[in-house]
Amino acid sequence: MNRDLRFTALKKTPFHSRTSLASRTNKYYNWNGFTVPTEYSTTELEYTAARNGTSVMDLTPMCKYMINGSDANKFVDYLVTRDLSQMEDNTVAYIIWCNEDGKVMDDGTIFKFSNTKFMLCCAVKIYNWLHDSAEGFDVSFEDATDTTAALAIQGPTSCSTLKNYGADDLELLKPFGMKQYNINGYDVLISRTGFTGDLGYELWTDPANAENMWDSIMEAGKELKIRPFGMHALEMTRIEAGFIQTNTDFMAAEDSLRPVRMRSPYEIGMGWLVHLNKESYFVGKRALKKEKETGNSERCLVGLDIDGDKPAVGSVIYNEKKEDIGIVTAAMWSPTMKRNVALASLKRPYGIKIKENIFAEIYHPEELEYKKIWAKCKVVKRQFFSPERRNKVPADLYE
Amino acid sequence: MSDNYDVIVIGAGHNGLVCANILAKKNRKVLICEARENCGGLVEESITNFVPQIPLSVSSSLGGLPVKYKAKSTIALSESGQHIRLVGNQHIDHKVISGFSSKDADRYVEFHDKMSSFSKALGSFMMASPPRIMNNTFSDYFKLFKLGMNVRMLGKKKFNEFARMIGLNIADELEDNFENTLLQGLIAHDAVLGSNLGPRSPGSLINLLYRMATHDNSIFGGIYEIDGGSKAFVDTLLDISNKNKVEIKTSSSVKRCITENDKAIGVELHSGEKIYAKKIISNADPRSTYFCLLGTENLDTDVKRRIKHHRSKGKVAKLSLSLNKQPEFINCDKNDLESRMVIAPSIDYIEEAFNPSKFDKLSMEPILEMKLKNSDQSNPVLDIQVQYASYGAQEGWDKIKDNYVDAVIKLIGKYAPDIQSCIETKTIVTPDDIEKNFYVSGGHWHHGEIQIDQLFMLRPIPGASQYRTHLDGLYMCGAGTHPGGGLTGIPGKNAAQAILEDA
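Not measured: the values here are computed from a predicted model. (Residues numbered from 1 in each chain as written. Chains lettered and ligands numbered in written order. Predicted model: local features only at pLDDT ≥ 70, side-chain atom pairs only at ≥ 80, totals over all residues.)

A.B. asks: Mind showing me how you'd approach the overall build of chain A here?
C.D. replies: Tallying secondary structure elements over chain A gives eight helices and 20 strands in all. Against the compact-globule benchmark of 21 Å for 399 residues, chain A has a radius of gyration of 21 Å, which places it among compact chains. Reported as C-alpha extents along the three principal axes, the dimensions of chain A are approximately 65 × 55 × 50 Å. For chain A, the proportion of contacts with a sequence separation of at least 24, taken over those separated by at least 6, is 68%. (Helix = DSSP H or I, 4+ residues; strand = E, 2+ residues; numbered from the N terminus. Rg over C-alpha atoms; globule rule 2.2 N^0.38 Å. Contact = placed C-beta atoms within 7 Å.)

This is the structure we're talking about:
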């Protein structure tokens, strides 16, 4: 590609002609070098669609890497902390990966087509990391970010919408399953995955089919309360679901300037993804084993249920002696649950052994003045919102 | 499974032998696996001409090392016959140099004093295991503090001078001090010897300091030949090994380390034989140790990166000419022929020779360090170290070898016109040959460049200093570790200490 890099504007996704048409606010932001809407109409409306109808989001800017080769299976197992040796074909797994110090670099999803073919989806660019990790493995990589169009279709009526679109028997697809379809004459990969903690799917196809896909799905969901939604609404749904976001809830190891800001999986509630008894070595295993054995994890990432209705955005968390014990990384008033929730990074033993008597100092802006609120918090499960329909098979259908 | 041995040493280079013997003296049952038929590794004279003396701390921990050294003087050859002969003694050298330039002679003494005080300050640091800052222990910080103090104690002026010089190129410093180009060339030659640097490359000065620290803190002193040659040296080490009941298996190349629960517990030979031990020590270079013994599938990505970026391209070839009579070097007497003869007439000459090597090409006018063996007998041998003979030369060593040898001989012909007629046979060992025959990746003398980012606690790579690798139970004792190559035995001794500490 011979582009003059000095004047390279943000790239447009294959859906841009449609997303820009749907946008009434013209609010865009830079996601991984692409311009995508933060908000189409109002965030509240979009959020409501995600929880009560179908929401559509342009996922194309996600980093997507194809991993091919005879050692692809071995390589993926070496790259990530989770034991993927028993992973079945045509399934997806949530994963994290670490550097040599056992500090988390990013999280993502891995799609397994076969033992020799995988797709990795993540937020942070890692082509170099993949390449350098591959020394000694027979694998090759292809950055498919620009060559794959991706759309998230999430919400209680999403399955019905996609069935109308042409995805037969989609209700039978299990969570973290994926299936190859041919709809309107082109190939679409549909996986039952998402970032909203609700019933939802992600669609992957060639950019050439993007516009037809968008139009057909909008048409298919016309009677099912379909609505495109932007990053702000997604942020609300993911906090409710308790999903973590790299460089928001924790600093990616490669991005932190200060080594003390790096976090191990145990420090961000991802210990369940670390399989130290995995037979083969994986990047960071030695360090993680040591951390587990010595139990010297310093922090934890927990869910907080906070008194009152004022979101604790950016709040500092204190113990009863008013000692600083951590910080809120994401917070919101949850309209669905009518709860004031937050994700917070706390210094242990707070959050692990001590779960009561902690306080958030909330500065709530009220017309050019701050109202200072001292709110009591309770440590709770991070997954605030997890409806039964999320994992139900067959999935709920609506007409 | 039972541990048959306490320790297995992979590779019977001199560091491996030193390490094995120190451990055996502490009642460890030691086995050495050597891939080649012979022991001694790169000590073999087919590789190096001259050596420093084994430090007392090493020989005493072996219970004495009965090796006799012959000190060698140096002669910088000049086409005009105006050679410079230096012995490493300041007073004598002052007199010699004043024959060319009285200004240079005085400056030489000053320069030598300054450099030698710096190399002494580095000295104790060179001998001991380097600190490991990541350990965060008092003793490690103390070591670093001591080095800082050693340099600081030289006085404020010298401290500033040290700070100024540490990243400097040798050419600038020499041109500031001396006017005689032959003298400049000679010192610059020693500064870049064995390295991937030209005299104008930043950091070439610390190379000279480093060399001085193992060569009696002197610029031209501390250059020795072993009585009886390298064979005598290796035989002595083997005698000691025999006495200490160190078992040595030759022609047994190790395929990989056997691990259990992420700990090295033995080795598997290429023959398929498996031998178990409590500790494994690799005398191999860092790249082979990590990529072959440890195995890429057991390494973190960051470590793979560091090993891949580890610079270890060899630059020195060894040409041996067996002669039917003693060649006539212009204006050289019998004494001169027994000295270390250097062809590096000026800084610019060296830099010109270096230039093509940056592109993995060869200069047809390289720099040479020569030794005439058996000069008094009827079948003398001229051993020539040819510098900037790039590893993996672009033209392909197979194709260019003969032309290259001829070019070197033609070059010597300028100083010894009858050399052509004296030659019976010629053998050249290129860095590629060293890699193939001695199992040293890159064919580098020092198993890795001696440069500031690969020295001290950064040697061979960050996180693997103090002779330990990333794998529990696997250690390193080769030239790739601190303080580097040269026939010193220090890495071997320090590695043995690390193992005894861990036991």
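A.B. asks: Would you take a moment to explain the domain arrangement of chain B for this structure?
C.D. replies: You'll often see interface size given as the accessible area lost when the parts meet. Residue and element names in this part refer to chain B. Assigned domains of chain B: these are domain 1 (5-68 + 227-311 + 447-502), domain 2 (91-220) and domain 3 (316-390 + 394-429). Distance from the C-alpha centre of domain 1 to the C-alpha centre of domain 3: 32 Å. Each partner contributes residues to the interface: domain 1 has five residues there, and domain 3 has eight residues. Split by residue class, the side of domain 1 that touches domain 3 holds two nonpolar, two polar and one charged. (Domains from an automatic or database assignment. Nonpolar A, V, L, I, M, F, W, Y, C, P; charged D, E, K, R; others polar.)

A.B. asks: What is the right way to look at the pairing of strand E3 (residues 34-39) of chain A in this model?
C.D. replies: Residue and element names in this part refer to chain A. For strand E1 (residues 11-12) and E3, the ladder comprises two bridges, and the chain directions are parallel. Among the inter-strand pairings, Lys 11 is bridged to a residue of E3, identified as Phe 34. Where strand E2 (residues 27-31) meets E3, five bridges bridge the pair, whose relative direction is antiparallel. Paired with Lys 27 across the two strands is Glu 39, which belongs to E3. Linking E2 back to E3 in an antiparallel pair, the connection comprises two residues, with Asn 32 at a positive phi of about 55°. (Pairing = 2+ DSSP bridges.)

A.B. asks: What exactly am I supposed to notice about the interface of chain A and chain B here?
C.D. replies: Listed per partner, the contact involves 13 residues of chain A and 12 residues of chain B. Top element by residues in the side of chain A that touches chain B is helix H4 (residues 127-133) of chain A. It accounts for three residues. Grouping the amino acids of the side of chain A that touches chain B by side-chain chemistry returns four nonpolar, five polar and four charged.

A.B. asks: What should I look at first to understand the sheet that holds strand E15 (residues 299-306) of chain A in this one?
C.D. replies: Backbone-to-backbone hydrogen bonds join strands into a sheet, with any given pair of strands oriented parallel or antiparallel. All names here are of chain A. Taken in spatial order, the six strands close into a barrel running E15-E18-E17-E16-E19-E20, and their pairing is antiparallel. Ignoring strand direction, the axes of neighbouring strands in this sheet form an average angle of 40°. When strand E17 (residues 324-334) meets strand E18 (residues 339-347), the two strands line up antiparallel, connected through eight bridges. Residue pairing for E18: Ile 327 is matched across the bridge by Ser 345. Set on the sheet, helix H7 (residues 231-241) makes contact with E17 and E18; between it and E17 the angle comes to about 120°. (Axes fitted to C-alpha atoms, helices over the stretch in contact; angles between N-to-C directions.)

A.B. asks: Quick question: what am I supposed to make of the nonpolar core here?
C.D. replies: Membership of the largest hydrophobic core comes to 140 residues, with the highest contact counts inside it found for Ile 10, Cys 19, Ala 188, Leu 209, Ile 281 and Ala 495 of chain B. Leave out the neighbours within four places in its chain, and Cys 19 of chain B touches Val 9, Ile 281, Cys 477, Gly 492, Ala 495 and Ala 496 of chain B. (Core = buried A, V, L, I, M, F, W, Y, C linked by C-beta atoms within 7 Å. Buried ≥ 20, exposed ≤ 12 C-beta atoms within 10 Å, placed from the backbone.)

A.B. asks: Which parts of the structure should I look at to understand the sheet that holds E3 of chain A?
C.D. replies: Pairing is mixed in the open sheet, where three strands are placed in the order E1-E3-E2 (chain A). Two strands bound the open sheet, and with one partner strand each, they are E1 and E2 of chain A.

A.B. asks: Looking at this model, I keep getting lost on unusual backbone geometry. Mind explaining?
C.D. replies: Phi is mostly negative for residues that are not glycine, and the peptide bonds are mostly trans. Residue Pro 394 of chain A is reached from Val 393 of chain A by a cis peptide bond, and omega for that bond is -5°. Within the secondary structure layout, Pro 394 of chain A lies in the segment after strand E20 (370-380). Here the amide bond leading from Arg 459 of chain B into Pro 460 of chain B is cis, since omega sits at -5°, within 30 degrees of zero. Along the polypeptide, Pro 460 of chain B turns up in the loop between helix H17 (431-438) and strand E16 (474-476). Positive phi is not limited to glycine here, since Lys 338 of chain A has a value of about 55°. Along the polypeptide, Lys 338 of chain A turns up in the loop between E17 and E18.

A.B. asks: How should helix H9 (residues 204-214) of chain B be read in this particular structure?
C.D. replies: The α-helix winds at 3.6 residues per turn, so residues separated by three or four positions along the chain end up facing the same way. Residues and elements named next belong to chain B. Burial within H9 is extensive, with 11 of its 11 residues counted as buried. Listing the buried residues of H9 in full gives Ser 204, Leu 205, Ile 206, Asn 207, Leu 208, Leu 209, Tyr 210, Arg 211, Met 212, Ala 213 and Thr 214. Contacts from the buried residues of H9 go to helix H4 (102-127), helix H6 (156-165), helix H7 (170-177) and helix H8 (181-192). Looking one or two residues beyond H9, the residue adopting positive phi is Asp 216, at roughly 55°.

A.B. asks: What should I look at first to understand helix H3 (residues 72-79) of chain A in this one?
C.D. replies: Residue and element names in this part refer to chain A. With respect to burial, H3 is a largely interior element, seven of its eight residues being buried. Ala 72, Asn 73, Phe 75, Val 76, Asp 77, Tyr 78 and Leu 79 are the residues of H3 that are buried. If you follow the buried residues of H3, they end up packed against strand E5 (63-68), strand E6 (91-98), strand E7 (104-114), strand E8 (117-122) and H4.

A.B. asks: For this particular structure, what's the right way to read the environment of Asn 30 of chain A?
C.D. replies: Residues and elements named next belong to chain A. By the element assignment, Asn 30 lies in strand E2. Separated by 20 residues in sequence, Asn 30 and Leu 10 place their C-alpha atoms 7.2 Å apart. Dropping the residues within four chain positions of it, Asn 30 is found in contact with Leu 10 and Thr 35.

A.B. asks: How should I be thinking about the packing of helix H2 (residues 43-52) of chain A against H7 of chain A in this particular structure?
C.D. replies: The axes of two packed helices give the description: the angle between them and the distance between them. Residue and element names in this part refer to chain A. Relative to each other, H2 and H7 sit at 50°, their axes nearing to 8 Å. When the axes of H2 and H7 are compared, the pair comes out oblique. The chirality of how H2 crosses H7 is right-handed. Contacts between H2 and H7 involve Thr 43, Glu 46, Tyr 47 and Ala 50 from the former and His 232, Ala 233, Met 236 and Thr 237 from the latter. Partitioning the contact of H2 with H7 into residue classes produces four nonpolar, three polar and one charged. (Parallel < 35°, antiparallel > 145°, perpendicular 65-115°, else oblique. Left-handed = near helix turned anticlockwise from the far one by under 90°.)

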